[in-house]
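One-letter residues, chain by chain:
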Amino acid sequence: MVGCSVRNQEASRQANVQDLLASMTLEEKIGQMTQIDFSVIAGQGDKLIDQAKLLDAILTHHVGSILNTPNNKAQSVEDWRKIIHTINTVSEKSRLKIPVLYGIDAIHGASYTKNATLFPQAINMAATFNPELSVKEGEITAQEIRVSGLQWNFSPVMDIGRQPLWPRLWETYGEDVHLASVLGSAYIKGYQGDDISAPNKGLTCLKHYVGYSVPNNGKDRTPAWISERMLREYFLPSFEAGIKAGSPTVMVNSGEVDGIPGHANYHYLTTILRGELGFKGFAVSDWEDIKRLYVRDKLASSPKEAVKIAVMAGVDMSMVPFDYSFYDLLIELVKKGEVPMARIDEAVSRILTVKDQAGLFKASSLLLSAELSFATQESTDTNLQAARESIVLAKNDQHMLPLKKDAKVLVTGPTANLLSVLNGGWTLSWQGDNDSLQPKDKLTVYGALQKKSTSKVTYVGGTHFNDKIDIRKAVEAAKDQDVIVLCLGEKPYTETMGNIPSLNIDQSQVELANALFATGKPVVLVTLGGRPRIITEQADKASAVLLGFLPGMEGGVAIADIIYGDYNPNGKLPISYPRNTNDIVLYDHKPIENFDTNSYNPLYPFGHGLSYSQFETSGLKTDKQQYKMGEAINLSVKVANTGSIKGKETVLVYINDMAATVTRPNRQLKAFKKVELSPKQIENLSFTLVPDDLSFIGVDLERVVEPGDFKIMVGSETVQFTVTE
Ligand code: BGC
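Residues numbered from 1 in each chain as written. Predicted model: local features only at pLDDT ≥ 70, side-chain atom pairs only at ≥ 80, totals over all residues. Heavy atoms only, no water.

Undergrad: Teacher, can you tell me more about the overall build of the chain here?
TA: Summing up its helical and strand segments, the chain has 21 helices and 26 strands in all. For 725 residues, the compact-globule estimate of 2.2 N^0.38 gives 27 Å, and the C-alpha radius of gyration of the chain, at 26 Å, lies within 12% of that figure. Its C-alpha atoms give the chain principal-axis dimensions of about 75 × 70 × 50 Å. In the chain, which comprises 725 residues, the proportion classed as buried is 61%. Restricting the contact set of the chain to residue pairs at least 6 apart, pairs at least 24 apart contribute 78%. One way to put it: in the chain the 74 positive side-chain charges average out to a point 3 Å from where the 84 negative ones average out. (Helix = DSSP H or I, 4+ residues; strand = E, 2+ residues; numbered from the N terminus. Rg over C-alpha atoms; globule rule 2.2 N^0.38 Å. Buried < 20%, exposed > 50% of the residue type's maximum accessible area, 1.4 Å probe, protein only. Contact = heavy atoms within 4.5 Å. Lys, Arg positive; Asp, Glu negative; His and termini not counted. Charge placed at Lys NZ, Arg CZ, Asp CG, Glu CD.)

Undergrad: Is there a simple way to explain the environment of Thr 688 in this structure?
TA: Relative to the helices and strands, Thr 688 resides in strand E22 (residues 682-689). We classify Thr 688 as partly exposed; its relative accessible area is 49%. Along the backbone, Thr 688 and Asn 634 are 54 residues apart, and their C-alpha atoms lie at a distance of 4.5 Å. Ignoring any residue separated from it by four or fewer positions in sequence, one finds Thr 688 in contact with Ala 632, Ile 633, Asn 634 and Asp 693.

Undergrad: Can you walk me through the packing of helix H6 (residues 131-146) against helix H15 (residues 377-389) in this structure?
TA: Helix-helix packing is described using two parameters, namely the angle between the two axes and the distance between the axes. Two elements in contact, H6 and H15, have axes whose closest approach is 10 Å; the angle formed by their N-to-C orientations is 140°. By the angle between their directions, the pair H6 and H15 is classed as oblique. Here the hand of the crossing between H6 and H15 comes out left-handed. Contact with H6, carried on its side by Leu 133, Lys 136, Ile 140 and Glu 144, involves Ser 379, Thr 382, Gln 385, Ala 386 and Glu 389 of H15 and no other residues of that element. (Axes fitted to C-alpha atoms, helices over the stretch in contact; angles between N-to-C directions. Parallel < 35°, antiparallel > 145°, perpendicular 65-115°, else oblique. Left-handed = near helix turned anticlockwise from the far one by under 90°.)

Undergrad: What's the story with the pattern of salt bridges in this structure? I'm lost.
TA: Where charged atoms from two side chains of opposite charge approach closely, those side chains can pair. Applying the stated rule across the entire model yields 42 salt bridges. Where Arg 296 meets Asp 297, a salt bridge forms, and the shortest distance between an N and an O atom there is 2.9 Å. The partner of Lys 674 in a salt bridge is Glu 389, with the nearest N and O atoms 2.7 Å apart. Within this pair, whereas Lys 674 is found in strand E21 (residues 668-677), its partner Glu 389 is found in helix H15, the two being separated by 285 residues in sequence. Accessibility classification places Lys 674 together with Glu 389 in one group, the buried group. What emerges from the salt-bridge pattern is a single network uniting Arg 168, Glu 171, Asp 220, Arg 221, Asp 286 and Glu 495. (Salt bridge = Lys/Arg side-chain N within 4 Å of Asp/Glu carboxyl O.)

Undergrad: Teacher, can you tell me more about the site of the ligand here?
TA: Among the 13 residues in the neighbourhood of the ligand, the closest are listed as Asp 105, Arg 168, His 208, Asp 286 and Glu 495. The separation between an oxygen atom of the ligand and a polar side-chain atom of Lys 207 is 2.9 Å. Expressed as a share of its isolated accessible area of 310 Å², the protein-covered part of the ligand is 96%. Taken together, the residues of the shell around the ligand sort by class into six nonpolar, one polar and six charged. (Near = heavy atom within 4 Å. Polar contact = N/O pair within 3.5 Å; in protein donor to acceptor, adjacent residues only side chain to side chain. Areas by Shrake-Rupley, 256 points an atom, 1.4 Å probe, with all protein chains shown as cover. Nonpolar A, V, L, I, M, F, W, Y, C, P; charged D, E, K, R; others polar.)

Undergrad: Can you walk me through the nonpolar core in this structure?
TA: Considering soluble globular proteins, one finds that nonpolar side chains tend to be buried as a cluster. Grouped together as the largest cluster of nonpolar side chains are 206 residues, with contacts concentrated most on Ile 87, Tyr 102, Tyr 209, Leu 330 and Leu 547. Both domain 1 (391-594) and domain 2 (615-724) contribute no fewer than three residues apiece to this core. Once residues lying within four places of it in the same chain are set aside, the contact partners of Tyr 209 are Leu 236, Phe 239, Val 250, Met 251, Val 252, Asn 253, Tyr 268, Leu 269, Ile 272, Leu 273 and Leu 277. Within the second largest apolar cluster, 23 residues are counted, among which are Phe 615, Ile 633, Val 653 and Phe 687. (Core = buried A, V, L, I, M, F, W, Y, C linked by side-chain atoms within 4.5 Å. Domains from an automatic or database assignment.)

Undergrad: Help me out: how do you make sense of the packing of aromatic side chains in this one?
TA: The way to describe two aromatic rings as a pair is by their centre distance and the angle between their planes. A complete count under the given rule lists 18 aromatic pairs for this structure. Here the aromatic rings of Tyr 187 and Tyr 191 are separated by 6.0 Å at their centres, their planes lie at 20°, and the arrangement is stacked. Within this pair, Tyr 187 and its partner Tyr 191 are both found in helix H7 (residues 177-192), separated by four residues, close to a single helical turn. The pair formed by Tyr 187 and Tyr 191 is uniform in burial state, with each residue classed as buried. Where Tyr 209 meets Phe 239, the ring centres are 5.4 Å apart and the plane angle is 85°; that geometry is what we call edge-to-face. Remark: Phe 239 occurs in helix H8 (residues 228-244) and Tyr 209 occurs in strand E5 (residues 205-209); sequence separation between them is 30 residues. Each member of the pair Tyr 209 and Phe 239 is classed as buried. Here Arg 667 stacks its cationic end above the ring of Tyr 654, 4.1 Å away from the centre of that ring. The lysine or arginine in question, Lys 673, covers the ring of Phe 687, its NZ or CZ lying 4.8 Å from the ring centre. (Phe/Tyr/Trp six-rings, centres within 6.5 Å; stacked < 30°, edge-to-face > 60°. Lys NZ or Arg CZ within 6 Å of the ring centre and 35° of its normal.)

Undergrad: Explain the side chain of Thr 113 to me, please; I cannot follow it from the model alone.
TA: Along the chain, the position of Thr 113 falls in the loop between strand E3 (101-104) and helix H5 (122-128). On the basis of relative accessible area, Thr 113 is assigned to the buried category, the value being 1%. If near-sequence neighbours (up to four positions away) are discounted, Thr 113 is found in contact with Ala 74, Gln 75, Ser 76, Val 77, Trp 80, Ser 148, Phe 374 and Leu 428.

Undergrad: Looking at this structure, I do not really get the sheet that holds strand E26 (residues 717-724). What am I missing?
TA: The strands making up a sheet associate through hydrogen bonds between their backbones, and the pairing can be parallel or antiparallel. As summarised here, the arrangement of the five strands in space is E18-E26-E25-E20-E21, forming an open sheet in which the pairing is mixed. Strands with a single pairing partner mark the edges of an open sheet, and in this sheet they are strand E18 (626-628) and E21. When the angles between neighbouring strand axes are averaged without regard to direction, this sheet yields 25°. (Pairing = 2+ DSSP bridges.)

Undergrad: Is there a simple way to explain empty space enclosed by the protein in this structure?
TA: Taking a probe equal in size to a water molecule and rolling it over the atoms shows the remaining empty space. Evaluated as defined, the whole model comprises eight cavities of 30 Å³ or more. By volume, the largest cavity is sized at about 100 Å³. Forming the boundary of the largest cavity are Ile 107, Pro 120, Gln 121, Ala 122, Met 125, Glu 137, Ser 155, Pro 156, Val 157, Glu 171, Tyr 173 and Tyr 187. Here the lining of the largest cavity is built from residues that sort into eight nonpolar, two polar and two charged. (1 Å grid on protein atoms, 1.4 Å probe; cavity = no way out; pocket = protein on both sides within 12 Å on 5 of 7 lines; lining within 4 Å. Points joined across faces, edges and corners; volume = space filled by probe spheres on them.)

Undergrad: What should I look at first to understand the sheet that holds strand E19 (residues 633-641) in this one?
TA: Strand order in the open sheet made by the three strands is E17-E19-E22, with antiparallel pairing throughout. Of all strands in the sheet, those with a lone pairing partner are strand E17 (615-622) and E22, marking the two edges. The average angle at which neighbouring strand axes cross in this sheet is 20°, direction not considered. Of the strand pairs in this sheet, E17 and E19 are connected by six bridges, and their pairing is antiparallel.

Undergrad: I tried to follow the packing of H7 against H8 on my own but got confused; where do I start?
TA: One way to put it is that H7 packs onto H8 with a least axis distance of 8 Å and a crossing angle of 20°. Here H8 runs roughly parallel to H7, going by the angle between their axes. In the packing of H7 onto H8, the handedness of the crossing is right-handed. Contacts between H7 and H8 pair Val 177, Ser 181, Ser 185 and Ile 188 from the former with Glu 233, Tyr 234, Pro 237, Ser 238, Ala 241 and Gly 242 from the latter. A breakdown of the residues in the contact of H7 with H8 according to their chemical character gives five nonpolar, four polar and one charged.

Undergrad: What exactly am I supposed to notice about the domain arrangement of the chain here?
TA: Interfaces are often sized by the accessible area lost when the parts come together. Taken as a whole, the chain is organised into domain 1 (391-594) and domain 2 (615-724). Inter-centroid distance (C-alpha atoms) of domain 1 to domain 2 is 34 Å. In this assembly, ten residues from domain 1 lie in contact with 16 residues from domain 2. Buried surface at the junction of domain 1 and domain 2, summed over both partners, amounts to about 1000 Å²; 47% is from carbon and sulfur atoms. Here domain 1 is connected to domain 2 by one salt bridge. When the shortest N-O distance is used, the salt bridge between Lys 572 and Glu 649 registers 3.4 Å. Inspection of the region where domain 1 meets domain 2 yields six residue pairs in polar contact (both at pLDDT 80 or more). (Buried area = accessible area lost by both parts, 1.4 Å probe.)

In structure tokens form, the structure reads like this:
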């Protein structure tokens, strides 16, 4: 019956959409496909919106969507409400009263709203290996942007982070397909719930479909060369998972794959996305990317041809974003018969359907109370928990950590005393590097250590990332201390602004580290930043290493909790941390990469992460030794806390197809579970692998399972089984 009522609802929605479509002019339809940046309607001085420009956008150009935050700065909830109310008031006056869909990059919480709960970035959420936290992040983010009347979030990034130099690595859930699929789907579930029109839910957007994340040279928006097999094996599955989880929009890859720009790729955008993955929502372009088919890629011979190519490839909405050129050119193209009306109707139906699913057509949408739903204590607590679980203790020689609270500590380094370096890009501004926008009541690493310490915490450093640290002063200050907490890493950046020529850390940081190691005092190395910058020498000399990545607004407190033992660390690396700049081998490498003189020799492997407790897995077994093709594989393994304090451990289940017609990775993650165990507690975990977990993209580019022998690996144990025809 439930299925039946859902079908009826869908049928009546489609009927309404078709009725509406039938009453629309060509201009109204193409307006729906047009998305403009807020700056197009922005007012001057104190005026957020210029009313004449807004009327022009909605009443004359019929725009379907607006994006971004005014002046590249976070707004207060009150100002957002005014903005959305003003826009809605105008759209209600339009001939057909079609509401405008507002889109925003709320990628780690409501990042363009002042005082919002700002979570760890995706790379950290991946390190938690905790889908429940991802669900909660989705729930809280949806709630906090709905408080403002916003709804559509350009998140989650479903690109797989397999190129560590790429400046958007931290926006991904790391290098593994399974982990990204699970965490991204969990986020969508939390954000959208069962009904995206509910007052505390909204729309997600899968980015950046597809193949954006492995630029050959590591620079953002440069060519990727991905074979069809690799695409299907590594890059499509997470998008497929996101579509299954119900995300109704995708944003298109801003780069190019195999010589075809994302926005011109009919094969990806139509044949695969619609034909194979069954995606029913709409595809929005990325920033200015239709124009770039002409101005950058030289794929089109004119801006008009660029519009034609993109729309015919399958882009439904253009993030133009600064003018009405797309609108004008597409009208011309349709009038000349160069783009068929059927294609316009298809795109507009998709957009209107999503707007209806989101409840935008409903008469009144009551806003959530900010007091009850915005930056609540509960959300902050969840955020702190996410931050704690996202930090990786990579090294802890001779139980250096936790420190005693009365230890005398010197804190130094460019990332020691800034909130921006904990949060990274898309934080209160696009680049996230404006420290003056950061809240005054949140703690940096230094601030949090100082608060917890019962002794003296000394800080030597600047007030901005680029301030030169006085090395002599730091060395002098170190003399009186028991321990040095050295905070290295990166300043915040977003997209191409984060391009770098090498993963090496800055020379000034190397010099500071060398001088401090020379004092002979024990050093706890803390790193913050979006990518694995090379720290091999420093990590070698340090007594303990904490990899913080971008743990968000509660990251300082979380790091201090771990350093002083108020929290037992349990984050695990969602990437392979390279030992050297050009030694980029990922955990699921092929046998040939670990053969002869080749090896997988990262500084820290995927899945690495220590605890103040010890855990052991044992007794790995499958329910059978032989399975018929198509049968599920049940396995179990015991995990024990053999340490002396309570802690959390993630058990990772890997598989290997021992001989196949296409070379198989040495291992691939297929399942994981995180458990909390008291000292001496043992838990028996069961997992079920489905036939798809044994599959790969075969010689004929179809997904296949080949009969034969397989290995399952958990901890130091391996079991083998056979699959027969
Ligand atoms: C980025 C997207 C983002 C969009 C809107 C683009 O430059 O690539 O990830 O969602 O801008 O801000």
